[in-house]
Amino acid sequence: MKQLMYGNILIGTILLVVGACGQESRVAPSGNVIKIGIIAPFSGTDLDKGGEGLKGVETVMRLWPLLANGDKIEIVKKDDGNEPARAVKALQELTEVDQVAAIVTFSGSGPVLAMAGAADRYKTPILATLATHPDITRRSEYVSQVCFDDIFQGQVAAAYVRDELLLDTVAVFRNTDSIYSSNLATEFERKFVSLGGRISDTVSLSAEAKDYTAVLKPLSAKGPELLYLPLKAEDVIGIIEAAAKLNWMPLMMAGDGILATVMARHREQADLLDGLLTTDFYHYTNKLTPFGEKVRHAYDGRATSFAILGVEGFAILCDAMNRCSEPASRECINDKIRTTSNFTGVMGPITIGSDGKAQRPLVINTIHKKRMVFMVKVY
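Per chain, the residues get numbers from 1 upward, laid out in the order the sequence is written. This being a predicted model, a pLDDT of at least 70 is required before a residue's local features are given, and a value of 80 or more before pairs of side-chain atoms are given or counted; all residues contribute to the totals for chains, interfaces and linings. The side-chain figures draw on all heavy atoms in the structure; neither hydrogens nor water molecules are used.

Chemist: I'd love a proper account of the packing of aromatic side chains, names of residues and values included.
Modeler: Pairing of aromatic rings covers Phe, Tyr and Trp, the last counted by its six-membered ring, and requires centre-to-centre distances within 6.5 Å; plane angles under 30 degrees mean stacked, over 60 mean edge-to-face, and any other angle means tilted. Inspection of the entire model under this criterion finds seven aromatic pairs. An aromatic cluster of at least three residues, connected via ring pairs, comprises Phe148, Phe152, Phe281 and Tyr282. Note on criteria: charge over ring means Lys NZ or Arg CZ within 6 Å of the ring centre, with the direction from the centre no more than 35 degrees off the ring normal. Lying across the ring of Phe42, Lys77 places its NZ or CZ 5.8 Å from the centre.

This is the structure in structure tokens:
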């Protein structure tokens, strides 16, 4: 593990914390412990999201071992396997049995939408780091998003393709069993057409085995200039391989988290992503904030998008608790999360409004040698 760029020095009962929730100060450990819940897929096909997100949380806990008043945070983990029913059960257990003050989740939109329906009953703040469905915050006054939502991502992707790349024709793909994929495809289509672009084809991929070559062959005859692929990682890989077999080389664009997912589950095929455009929260080639530099030195290995969202989600929660006179107050934490203004994230400021929506930049990258290389940032 890399050596951390901070020091903890115990002198009597006083702890010098470099970065106690963002500020350097002398903090006396209070002896109080506040429980925070983590709901995430720690098993199943999406376990990488839970594991990477938790590494982000643990990084912040190393940087900020205590709140500014000296209270210590204890993490209580619940595995929902990215399944809605298990997520709701985990929410019930964390609030009623474990008595957590707040919850951070690394689950997808399906589980978070299910929890949003129950969150107001438990009056416990939930920070969704990865769930991008636009309705998540509309269903509850206690669920807030750290990420941008599907509407913003799909529309920015379409505007970039039409106005910056000056492309006229796009084929749009979607996974029929994914809310995330369907939302992105719909928003991209709507925006691209409104800007004068033409959708040559819309392709729906089901969960069954797919013959990607058979899917692409008739598309290639129509000559779309770009394939928009807000798809599962295995489908993106399959389409790239099929296009190569057909000796067809259109531009391709995928959604957020594609590189993180491929590196976690299909590392041996990661080189296939070279040249792929992607919308994401981060990239590897631009200057970090001072907080981002501390995270880079403290993190063990190369952080993925999932891990960095874990860092930012937990840091925002810590900051909200630090602004409460009673850091364990659920009502206060929820209020402070939704009044987060220009919080310094890893690459720039993050604001969360009273509606629970995050205002943050979207980055368009191209993937090169297993790294996301910066193209443009959109606010």
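Chemist: Please set out the sheet that holds strand S16 (residues 358–359) residue by residue, giving values where relevant.
Modeler: We treat two strands as partners when DSSP finds at least two bridges between them. The way it works is that DSSP assigns letters per residue, a run of H or I at least four long becomes a helix, a run of E at least two long becomes a strand, and they are numbered from the N terminus. Pairing is antiparallel in the open sheet, where three strands are placed in the order S14-S15-S16. Two strands in the sheet have a free side with no partner beyond their single neighbour: strand S14 (340–344) and S16. In this sheet, strand S15 (residues 349–352) lies alongside S14 in antiparallel orientation, the contact comprising three bridges. Looking across to S15, one finds that Thr340 is bridged to Ile352.

Chemist: Can you lay out the state of the cysteines for me, pointing to particular residues and giving the numbers?
Modeler: Any cysteine sulfur atom paired with another within 2.5 Å is treated as part of a disulfide. Here the structure, examined in full by the defined rule, presents one disulfide. Each sulfur of the disulfide joining Cys324 and Cys332 lies 2.2 Å from the other. Judged by the sign of its S-S torsion, about -105 degrees, the cystine formed by Cys324 and Cys332 is left-handed. Using a relative accessible area of 6% as the deciding quantity, one classes Cys324 as buried. Accessibility here uses a 1.4 Å probe with only protein chains present; expressed as a share of the type maximum, an area under 20% marks a residue as buried, one over 50% as exposed, and anything in between as partly exposed.

Chemist: Go over the domain arrangement of the protein chain, please, and point to the residues and values.
Modeler: By convention here, the domain bounds are inherited from an automatic or database domain assignment. Taken domain by domain, the protein chain holds domain 1 (33–147 + 286–360) and domain 2 (151–284 + 363–378). Computed over C-alpha atoms only, the centres of domain 1 and domain 2 are separated by 28 Å. Contacts are assigned to residue pairs that have any heavy atoms within 4.5 Å of one another. At the junction of the two partners, domain 1 supplies 22 residues and domain 2 supplies 20 residues. By buried area we mean the combined loss of accessible area, with a 1.4 Å probe, across both parts when two parts are placed together. Roughly 1,800 Å² is buried in total at the junction of domain 1 and domain 2, and carbon and sulfur atoms are behind 58% of that figure.

Chemist: Explain unusual backbone geometry to me, and be specific about the residues and the numbers.
Modeler: Positioned with a positive phi, Leu166 is a non-glycine residue whose angle comes to about 60 degrees. For Leu166, the location among the structural elements is in the loop between helix H4 (150–164) and strand S9 (169–175). For Leu166, a relative accessible area of 59% corresponds to the exposed category. One non-glycine residue, Asn247, lies in the positive phi region at around 55 degrees. Relative to the elements of secondary structure, Asn247 occurs in the loop between helix H7 (233–245) and strand S12 (251–254). By relative accessible area, which is 63% here, Asn247 ends up exposed.

Chemist: I'd like to hear about the packing of helix H10 (residues 305–322) against helix H11 (residues 330–337), residue by residue, with values.
Modeler: Helix-helix packing is characterised by the crossing angle of the two axes and by the distance between the axes. The axes used here are C-alpha line fits, helices contributing only the stretch in contact, and every angle between their N-to-C directions lies in the interval 0 to 180 degrees. Running from N to C, H10 and H11 point in directions that differ by 120 degrees, and their axes come no closer than 8 Å. In terms of orientation, H10 and H11 fall into the oblique class. Seen along the crossing, H10 lies across H11 with a hand that is right-handed. For the pair formed by H10 and H11, the contact residues are Leu317, Ala320 and Met321 on the first element and Ile333, Lys336 and Ile337 on the second. When its residues are assigned to classes, the contact of H10 with H11 shows five nonpolar, no polar and one charged. Put simply, angles under 35 degrees are roughly parallel, angles over 145 are roughly antiparallel, angles from 65 to 115 are roughly perpendicular, and the rest are oblique. Here a crossing is taken to be left-handed if its near helix is turned anticlockwise relative to the far helix by less than a right angle, and right-handed if that turn runs clockwise. Any residue that is not Ala, Val, Leu, Ile, Met, Phe, Trp, Tyr, Cys, Pro, Asp, Glu, Lys or Arg is counted as polar, Gly included; the first ten are nonpolar and the last four charged.

Chemist: Describe in detail the sheet that holds S12, supporting the description with residues and values.
Modeler: Overall, mixed pairing links the seven strands, which are arranged S10-S9-S11-S12-S13-S17-S18 in an open sheet. Two strands lie at the open edges of the sheet, namely strand S10 (198–205) and strand S18 (371–378), each paired on one side alone. Neighbour to neighbour, the strand axes of the sheet diverge by 25 degrees on average, direction disregarded. The sheet contact formed by strand S13 (residues 277–280) and strand S17 (residues 362–368) spans four bridges and is antiparallel. Each residue of the ladder has a partner; that of Thr278, found in S17, is Asn365.

Chemist: Just give me the short version of the pairing of S9, but keep the residues and values in it.
Modeler: Buried residues dominate S9, accounting for seven of its seven residues. On S9, burial covers both faces: Thr169, Ala171, Phe173 and Asn175 on one face and Val170, Val172 and Arg174 on the other are all buried. Pairing of S9 with S10, which is carried by seven bridges, proceeds in the parallel orientation. Across the sheet, residue Val172 finds its bridge partner in S10, namely Thr202.

Chemist: Tell me about the nonpolar core, residues and numbers included.
Modeler: In this structure, Ile36, Phe188, Tyr228, Met253 and Leu317 are the most contacted members of the largest nonpolar core, which totals 68 residues. A per-element tally of this core places H10 first, with twelve residues. Each residue touching Met253, except ones within four places of it in the same chain, is listed here: Ala157, Tyr160, Val161, Leu226, Leu227, Tyr228, Leu229, Leu276, Leu277 and Ile364. We call a set of buried Ala, Val, Leu, Ile, Met, Phe, Trp, Tyr and Cys residues a nonpolar core when their side-chain atoms join them within 4.5 Å. Judged by nonpolar contacts, the second largest core, of 29 residues, contains Tyr212, Leu219, Ala242 and Ala254.

Chemist: Give a detailed account of helix H9 (residues 290–298), specifying residues and quantitative values.
Modeler: Where H9 is concerned, the buried positions are Phe291, Gly292, Val295 and Ala298. Projection of H9 onto a plane perpendicular to its axis shows the buried side chains occupying an angular sector of 130 degrees, all on one side. Each direction from the helix axis to a C-beta atom contributes to the arc, which is the arc of those directions.

Chemist: Any details on the pattern of salt bridges? Residues and values, ideally.
Modeler: Criterion for a salt bridge: a side-chain nitrogen of Lys or Arg within 4 Å of a carboxyl oxygen of Asp or Glu. This structure, assessed with the given rule, holds 18 salt bridges. For Lys210, the salt bridge goes to Asp235, with nearest N and O atoms at 3.3 Å. Of this pair, Lys210 sits in the loop between S10 and helix H6 (212–222) while Asp235 is found in helix H7, placing the two residues 25 residues apart along the sequence. For Asp235, a relative accessible area of 1% puts it in the buried group. We note a salt bridge from Glu293 to Arg296, for which the minimum N-O separation is 2.9 Å. You can see Glu293 and its partner Arg296 sitting in helix H9, three residues apart, about one turn around the helix. Connected through salt bridges with shared partners, the residues Asp46, Asp48, Lys49 and Arg265 form a single ionic network.

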